[in-house]
Amino acid sequence: MAKGKVTFNEDICKGCGLCTTVCPVKILALDKTKINAKGYHPASVTDPEKCIGCANCATICPDVVITVERF
Amino acid sequence: MTIVFEKTKGLTDVQTHYCPGCTHGIVHRLVGEVLVELGVLDKAIGVAPVGCSVFAYNYFNCDMQQAAHGRAPAVATGIKRVHPDNFVFTYQGDGDLASIGTAEIVHAAHRGEKISTIFINNAIYGMTGGQMAPTTLIGQKATTAPLGRTEEHSGRPIKVSEMLATIHGAAFVERVAVNNPANIRKAKKAIKECFQIQLEGKGFGIVEVLSTCPTNWGLTAPEAMKWLEENMMPYYPLGNYRRPEEVE
């Protein structure tokens, strides 16, 4: 059961990948199958069930793409 | 379900022009969050520099002014003296503050102006295309130092926090980094303490933030964070260099 939920505002993501490096449960990756409005591969969640809601990803995101909720 | 992280009201909805992975965005957010948490957003006046963050006036959700290159502390001095009840901060890069604006920052600190400065040190000139800055490390390549900076030619990189900590009027001097979530949280704490010192009328405060420039360093964003940790942090040690109690 997920303890947290991360929501990505995909169209403003610049695909820098910083969030993917700080996730303790390694559930973030750049989605290579998508291209967003800015022309980047946006970051996305691969396994939402594992999210612990630590907000590390949102803390390091330079573009405030991510909203974090905790249950 | 409770929201534990969302965009602060201290920032506007304008999307930044910064390159992917540029840490300006992180520091902007920290400043915006602190302005809201201290309840001073309505009376805050920021001064933007020349450099990549020249458009900061579009991103902070408070009154902003943009100064000539390096002159943000001088402009902020004027604003603060005319509006002593407002909260006044400058946001400057290393090309702005540590090079052309050295006189302004040294004398704003020397006069003990009751302003706060956020100083972004990424060891290079960003906007103009990766030229060597006074903060560029020995051996670091830049477009004006293609073989890397040498001490013989350009001296050793300037340590702004250590220098300002020798000045009596500087009430708060701290160096932080934004290379990982733990350090980002510490950076926010330092910015908050620095801003509080202005609100308490104790004098000049500055937070130097070790930052990255993935584009001009020629690295990816995650690689740049690693480079910062391995190369900048040993030369620019993190920590507090001055608090009001040491000023007496």
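Conventions and cut-offs
- Residues numbered from 1 in each chain as written.
- Chains lettered and ligands numbered in written order.
- Predicted model: local features only at pLDDT ≥ 70, side-chain atom pairs only at ≥ 80, totals over all residues.
- Heavy atoms only, no water.
- Helix = DSSP H or I, 4+ residues; strand = E, 2+ residues; numbered from the N terminus.
- Rg over C-alpha atoms; globule rule 2.2 N^0.38 Å.
- Buried < 20%, exposed > 50% of the residue type's maximum accessible area, 1.4 Å probe, protein only.
- Contact = heavy atoms within 4.5 Å.
- Areas by Shrake-Rupley, 256 points an atom, 1.4 Å probe, with all protein chains shown as cover.
- Lys, Arg positive; Asp, Glu negative; His and termini not counted.
- Charge placed at Lys NZ, Arg CZ, Asp CG, Glu CD.
- Core = buried A, V, L, I, M, F, W, Y, C linked by side-chain atoms within 4.5 Å.
- Buried area = accessible area lost by both parts, 1.4 Å probe.
- Salt bridge = Lys/Arg side-chain N within 4 Å of Asp/Glu carboxyl O.
- Polar contact = N/O pair within 3.5 Å; in protein donor to acceptor, adjacent residues only side chain to side chain.
- Nonpolar A, V, L, I, M, F, W, Y, C, P; charged D, E, K, R; others polar.
- Pairing = 2+ DSSP bridges.
- Axes fitted to C-alpha atoms, helices over the stretch in contact; angles between N-to-C directions.
- UniProt positions renumbered as here; feature names shortened; annotations may be inferred.

Per an unreviewed UniProt entry, chain B is named 2-oxoglutarate oxidoreductase, and its organism is Tissierella pigra.

By the naming in an unreviewed UniProt entry, chain A is 4Fe-4S dicluster domain-containing protein, taken from Tissierella pigra.

A. Broad picture of the overall build of chain B. Within chain B, the regular secondary structure consists of 11 helices and eight strands. Here the C-alpha radius of gyration of chain B, 17 Å, is about what a compact globule of 248 residues would show, namely 18 Å. Counting over 248 residues, chain B shows a buried share of 56%. Counted over contacts in chain B with a minimum sequence separation of 6, partners at least 24 positions apart contribute 68%. Counting every atom, chain B has about 10100 Å² of accessible surface; 53% of that belongs to carbon and sulfur. Looking at charge distribution, chain B has the averaged site of its 23 positive side-chain charges lying 1 Å from that of its 24 negative ones.

B. Highlighting the nonpolar core. Residues A:Ile66, B:Leu35, B:Ile118 and B:Phe195 are the most contacted members of the largest nonpolar core, which totals 59 residues. At seven residues, the largest contribution of residues to this core is made by helix α8 (residues 181-199) of chain B. Filtering out sequence-adjacent residues up to four positions away, A:Ile66 remains in contact with A:Val6, A:Thr7, A:Phe8, A:Cys19, A:Cys57, A:Ala58, A:Cys61 and B:Phe5.

C. Region of interest: the interface of chain A and chain B. The partner chain B presents 27 residues to the 27 residues of chain A that form the contact. Note on chain A versus chain B: buried area summed over both sides is about 2100 Å², and carbon and sulfur give 65% of it. Broken down residue by residue, the surface that chain A buries against chain B is led by A:Lys14, A:Thr59 and A:Val64, which jointly contribute 27%. Taken together, chain A and chain B are joined by zero salt bridges. At the junction of chain A with chain B, the criterion picks out 12 residue pairs in polar contact (both at pLDDT 80 or more). The element best represented in the side of chain A that touches chain B is strand β4 (residues 66-70) of chain A, accounting for five residues. The residue makeup of the side of chain A that touches chain B, split by class, is 15 nonpolar, six polar and six charged. Sheet topology note: the β4(A)/strand β1 (residues 2-5) of chain B ladder contains three bridges and is antiparallel. Of the residues in β1(B), the one forming a bridge with A:Val68 is B:Phe5.

D. Seen up close, the sheet that holds β4(A). Taken together, three strands build an open sheet; the order of strands is β1(A)-β4(A)-β1(B) and the sheet is antiparallel. Only two strands of the sheet have a single partner each, and these edge strands are β1 (4-8) of chain A together with β1 of chain B. Taking the axes of each pair of neighbouring strands and ignoring which way they run, one obtains an average angle of 30° across the sheet.

E. Spatial organisation of the UniProt feature "domain: Thiamine pyrophosphate enzyme TPP-binding" (unreviewed entry) in chain B. UniProt marks residues 56-208 of chain B with the feature "domain: Thiamine pyrophosphate enzyme TPP-binding" (unreviewed entry), using the numbering shown here. Helix makes up 39% of residues 56-208 of chain B and strand 20%, with an end-to-end C-alpha separation of 17 Å.

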